[in-house]
Amino acid sequence: MDHTNHVRLTSGELTPSILEGATIYGADDHKVGKVDHVHGGNSAIIDVGGFPGIGAKLIAVPLSDLEFMRDENGDVHAVTSWTKDQLEEMPEHHH
């Protein structure tokens, strides 16, 4: 996916209601996870597991490591320099 023409979100749009459920694309532009929820206003808790409830793993990533944007359909997604393997190696986030 070419993200160059996607509109970046402003800092005022980085709210849980907008970010939760956003797909995250990694360094190789493959889907690496999905925002489960926002924690403390500065971290995204990302589900990097396989299928919901099966092998799911939640990790915390600083919002600053994610570039949130909207595609031509208005769908919010994010791009990060992390790969899926790197994310899966991070320690699990516990509520």
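Reference entry: report on the structure contained in this document. None of these values were measured; they are calculated from a predicted model.

Further remarks concern the side chain of Asp71. Mapped onto the secondary structure, Asp71 falls in the loop between β6 (67-70) and β7 (76-79). Notably, Asp71 is buried but unbridged: the nearest opposite-charge side chain belongs to Arg70, and the N-O separation is 8.1 Å. A distance of 2.8 Å separates the side chain of Asp71 from the backbone nitrogen of Asn73, its partner in a polar contact. Once you skip the residues sitting within four places of it in the chain, Asp71 turns out to touch His6 and His77.

What follows deals with the environment of Tyr25. With respect to the helices and strands, the residue Tyr25 is situated in strand β2 (residues 23-25). Taking the C-alpha atoms as reference, Tyr25 lies 6.3 Å from Thr80; in sequence the two are 55 residues apart. Filtering out sequence-adjacent residues up to four positions away, Tyr25 remains in contact with Met1, His3, His30, Lys31, Val32, His77, Ala78, Val79 and Thr80.

Counting residues in each nonpolar core, the largest one holds 19 residues, and the members touching the most others are Ile24, Ile46, Ile59, Val61, Leu66, Phe68 and Leu87. Taken together, the elements giving at least two residues each to this core come down to β3 (31-39), β4 (43-47), β5 (58-62) and β7. When residues in this core are grouped by element, the largest group, 3 residues, is from β3.

As enumerated under the stated definition, the model contains 3 salt bridges in all. Glu13 is paired through a salt bridge with Arg70; the nearest N and O atoms lie 3.1 Å apart. One end of the pair, Glu13, is in the loop between β1 (7-8) and α1 (16-19); the other, Arg70, is in strand β6, and 57 residues separate them in sequence. Glu88 is the partner of Lys84 in a salt bridge, and the nearest nitrogen-oxygen pair spans 3.7 Å. Of this pair, Lys84 and Glu88 are both found in helix α2 (residues 84-89), 4 residues apart, which corresponds to roughly one turn of the helix.

Cut-offs used in this document
Residues numbered from 1 in each chain as written. Predicted model: local features only at pLDDT ≥ 70, side-chain atom pairs only at ≥ 80, totals over all residues. Heavy atoms only, no water. Helix = DSSP H or I, 4+ residues; strand = E, 2+ residues; numbered from the N terminus. Buried < 20%, exposed > 50% of the residue type's maximum accessible area, 1.4 Å probe, protein only. Lys, Arg positive; Asp, Glu negative; His and termini not counted. Salt bridge = Lys/Arg side-chain N within 4 Å of Asp/Glu carboxyl O. Polar contact = N/O pair within 3.5 Å; in protein donor to acceptor, adjacent residues only side chain to side chain. Contact = heavy atoms within 4.5 Å. Core = buried A, V, L, I, M, F, W, Y, C linked by side-chain atoms within 4.5 Å.

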